[in-house]
Amino acid sequence: MSKVIRGLYLSVLILSGATGAFSQQGRGVIFGTVSDPSGAKIAGATVKVTNVDTGVTLTAVSNETGDYTTPGIVPGNYGLVVDQPGFKTLERKGIVVQVDQRAEINLELTVGSPQEKVQVTADAPLVDTASGTIGDVIENKRVSELPLNGRNALALMFLAPNVKSGAGATNSGFADRGIALSEVSINGGPLSVNNFLLDGGNNNQAFVQDLNVNPTVDAIQEFKVQSGVMPAEFGFTLGGVVNIVSKSGTNDFHGTAYEFVRNNDFDARNAFATSVTPYHYNQYGGAIGGPLGIPKIYNGKNRTFFFFNIEQWQYRYVNSLISTVPIAAQR
């Protein structure tokens, strides 16, 4: 029995660091309290948060109780600088914000001249104390480096606790990039009643419980499998939420080109077959991202970025059917 399956995925994403028009469900927030060495709260302190990869800076100001909250920020690597008259400038590096994370970072300023600087370079332990949501982030390192049958990143959902497949042990979606992937149970919920989000937008094809878009490995920054007591912003679920964030460009150009091949030339013959059955799987594409610019007209560094990804796969194979027939005595 011969089958031929073809698939094409195309992604063109443009991110502008100067706007906040994108949905907040895939973004994170840094919040906390600014205080002096005695524990007194400091009002009016300027907290500048900068994305290390894009150079985009957002500003928050502490209120009368010393509390500050950043606007929604895309997942990534950040640095933080606090300025306040009468205190040394505080600079904190190594802040990693993940998808839909509310990270608490409390800041203690030291009395002195603003021209003096206190640097904290160790990684900041980010604790989410503002949400009852249970979740596991599948970060970009695991998405890009773990072996995946058919390079389907959502097969990594099963690294999160309480996720079970209704479509087989691996749930690779090898020949079905939609229903076979969405047919999962999260936190004991029924199959196929979970909410898949892509950059905060609805990614569910509700008529057949399918995925609208299954991004490629090269297009996904990270995703989070969420369950438990979730805020009202997450609906359309009886089990959990799979919150996917796509990649964006940075201040440096990065790109990849690839092809992955599986071929019957590498296969052994089935024990009951007279020959090796045809099997050809080709998956190829490329991705590129960077600052968006027009020579001598517009320079998008620290401002506007693009990311482009295209992938196609062809799957051609023949199944060997093994059956039994009655022997002469039985006939």
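Residues numbered from 1 in each chain as written. Predicted model: local features only at pLDDT ≥ 70, side-chain atom pairs only at ≥ 80, totals over all residues. Heavy atoms only, no water.

## Quick word on the pairing of strand 21 (residues 279-291)
As judged from the 10 bridges shared by strand 20 (residues 254-263) and strand 21, these two strands associate in the antiparallel manner. The partner of R262 across the bridge, within strand 21, is Y281. Pairing analysis gives 13 bridges linking strand 21 to strand 22 (residues 304-318), with the strands arranged antiparallel. Paired with G289 across the strands is F307, a residue of strand 22. (Pairing = 2+ DSSP bridges. Helix = DSSP H or I, 4+ residues; strand = E, 2+ residues; numbered from the N terminus.)

## Remarks on the nonpolar core
Ranked by internal contacts, the top residues of the largest apolar core, which has 21 residues, are V143, L154, M157, F196, F223, V225 and V242. Secondary structure elements with two or more residues in this core: strand 13 (184-186), strand 18 (220-228) and strand 19 (241-246). In terms of residue count, the dominant contributor to this core is strand 18 (3 residues). Membership of the second largest hydrophobic core comes to 19 residues, among which are V49, F87, L90 and L109. (Core = buried A, V, L, I, M, F, W, Y, C linked by side-chain atoms within 4.5 Å. Buried < 20%, exposed > 50% of the residue type's maximum accessible area, 1.4 Å probe, protein only.)

## What about the sheet that holds strand 7 (residues 89-97)?
Taken in spatial order, the 5 strands make up an open sheet running 4-3-6-7-10, and their pairing is mixed. Whereas interior strands pair on both sides, the edge strands pair on one side only; in this sheet they are strand 4 (57-61) and strand 10 (117-120). Taken pair by pair, the neighbouring strands of this sheet meet at an average axis angle of 20°, ignoring direction. Direction of pairing for strand 3 (residues 46-51) relative to strand 6 (residues 76-83): antiparallel, over a ladder of 6 bridges. Within the sheet, the bridge partner assigned to K48 lies in strand 6 and is V81. (Axes fitted to C-alpha atoms, helices over the stretch in contact; angles between N-to-C directions.)

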